[in-house]
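Fold and geometry: a report
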Amino acid sequence: MNTRELGKSGLAVSELGLGCMSLPTNRNEVDDIVAAALDAGITFFDTADLYEGGANEEVVGHAIHNRRGDIILATKVGNKMNPDGKTWHWDASKEHIMEGVKESLRRLSTDYIDLYQLHGGTMDDNAEEVIEAFERLKDEGIIRQYGISSIRPNVIQRFLKNSSAVSVMMQYNMLDRRPEEWFSMIEEHNASVIVRGTLAKGLLTVEGEQRAAQTDSFVNYKQPALSEAVHKLTANATNLHAAAIHFCLQKDAVATTLVGARTHDQLMDSVHAYETHVSDATLDELTNLLELHKYDQHRI
């Protein structure tokens, strides 16, 4: 599997990454999925302290323990669990970040995190304090690099402008191309995009049409436009799953594109899709189909 540098960090990440949020809670099942991912060449694993109230970090930590040196491990901070263990609130304070990283290290059974990410962000945050916390953790060797997971351009720009962040995680796929207008800004700050939502909640897979029929809307697509768009893509793509992954990897700003998996078979579907060649001409054709579809809907 090919790798790309994450920003100017010196960290090489696999073009296909495993988004761990979808993993099951059973340790044996997670061990199997993670082992299969590593064997397939996936080296980038992304989780967060929020997922399953921290339990996701625990199963990931157990699965990677014996192969820690083989992977680039990413997690996130900023959403603090409430005492009820079910709800949370936003806390981007330096104090919470410094305490949160300790808990993530414990759950992940590691003494360092490769990429620590702010899990959201608002313009009301004390950005200087947030960045100071990340820089301190970096200086202490607790984290190697840091970034942000956000879809808010003003938050992203402020964060990148005033820090040495190397990454921005955001949803990006064939059906949601809004982030493209921010790619140049991200690259100008020597950072890379980590793509989430690569498969648009399964709309860009073999099950896409069935999922579309059960979905009221996705981003700017509402029924029946959503079903029509997915139908057009499915009808004109030999392998829509593969096209969805390679569409994201066409962009120089993208370092890695995440896929989720609840089972071994789901993971391997994405691995095989990544390994399937999709020509630039095919990707352009599919993109043009969506552009024409939007135009037709506008006229109607």
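Just so it is clear, the model here is predicted, and its values are computed rather than measured. (Residues numbered from 1 in each chain as written. Predicted model: local features only at pLDDT ≥ 70, side-chain atom pairs only at ≥ 80, totals over all residues. Heavy atoms only, no water.)

1. Details of the environment of E135
Within the element layout of this structure, E135 appears in helix α4 (residues 127–139). Judged by relative accessible area, E135 falls into the partly exposed class, the value being 24%. In sequence terms E135 and R196 are 61 residues apart; their C-alpha atoms lie 25 Å from each other. Leaving out residues up to four positions away in the same chain, E135 has contacts with Y146 and S164. At 2.5 Å, the side chain of E135 forms a polar contact with the side chain of Y146. (Helix = DSSP H or I, 4+ residues; strand = E, 2+ residues; numbered from the N terminus. Buried < 20%, exposed > 50% of the residue type's maximum accessible area, 1.4 Å probe, protein only. Contact = heavy atoms within 4.5 Å. Polar contact = N/O pair within 3.5 Å; in protein donor to acceptor, adjacent residues only side chain to side chain.)

2. Let's talk about the packing of aromatic side chains
Counted according to the given criterion, the structure contains six aromatic pairs. Seen in terms of ring centroids, Y116 and F134 are 5.7 Å apart; in terms of plane orientation they differ by 80 degrees. Their pairing is edge-to-face. Highlighted residues: Y116 in strand β8 (residues 113–119) and F134 in helix α4, separated in sequence by 18 residues. Residue class for Y116 comes out buried when judged on its relative accessible area of 0%. Here F134 falls in the buried class, since its relative accessible area comes to 0%. (Phe/Tyr/Trp six-rings, centres within 6.5 Å; stacked < 30°, edge-to-face > 60°.)

3. Looking at empty space enclosed by the protein
Per the stated rule, a full pass over the model turns up two cavities of 30 Å³ or more. The volume enclosed by the largest cavity comes to roughly 50 Å³. In terms of lining, the largest cavity is formed by L118, T122, D125, A127, V130, I148, V155, R158 and F159. Counting only elements with at least two residues in the lining of the largest cavity, the list comes to α4 and α5 (153–161). The element contributing the most residues to the lining of the largest cavity is α5, with three residues. (1 Å grid on protein atoms, 1.4 Å probe; cavity = no way out; pocket = protein on both sides within 12 Å on 5 of 7 lines; lining within 4 Å. Points joined across faces, edges and corners; volume = space filled by probe spheres on them.)

4. Some details on helix α9 (residues 240–249)
Owing to its 3.6 residues per turn, the α-helix aligns residues three or four sequence positions apart on the same side. Buried residues dominate α9, accounting for ten of its ten residues. Taken as a whole, α9 has its buried residues at L240, H241, A242, A243, A244, I245, H246, F247, C248 and L249. For α9, the side-chain oxygen to backbone nitrogen distance between the N-cap and H241 is 3.2 Å, and the N-cap itself is N239.

5. A closer look at the side chain of S150
Take S150: it is sitting in the loop between β9 (143–149) and α5. Owing to a relative accessible area of 8%, S150 belongs among the buried residues under this scheme. One polar contact links the side chain of S150 to the main-chain amide nitrogen of R152, over a distance of 3.0 Å. The residues contacting S150, other than those within four sequence positions of it, are G120, V155, I156, V168, M169 and M170.

6. Observations regarding the pattern of salt bridges
For the coordinates displayed, the defined rule picks out 15 salt bridges. One salt bridge connects E180 with R177, and the closest N-O pair in it is separated by 3.0 Å. Taking relative accessible area as the criterion, E180 reaches 23% and is therefore assigned partly exposed. Its salt-bridge partner being E180, residue K251 comes within 3.9 Å of it at the nearest N-O pair. Linking K251 in the loop between α9 and β14 (254–260) with E180 in helix α6 (residues 180–188), this pair joins segments that are 71 residues apart in sequence. Taken together, the shared-partner salt bridges in this structure form one network comprising D39, R67 and D70. (Salt bridge = Lys/Arg side-chain N within 4 Å of Asp/Glu carboxyl O.)

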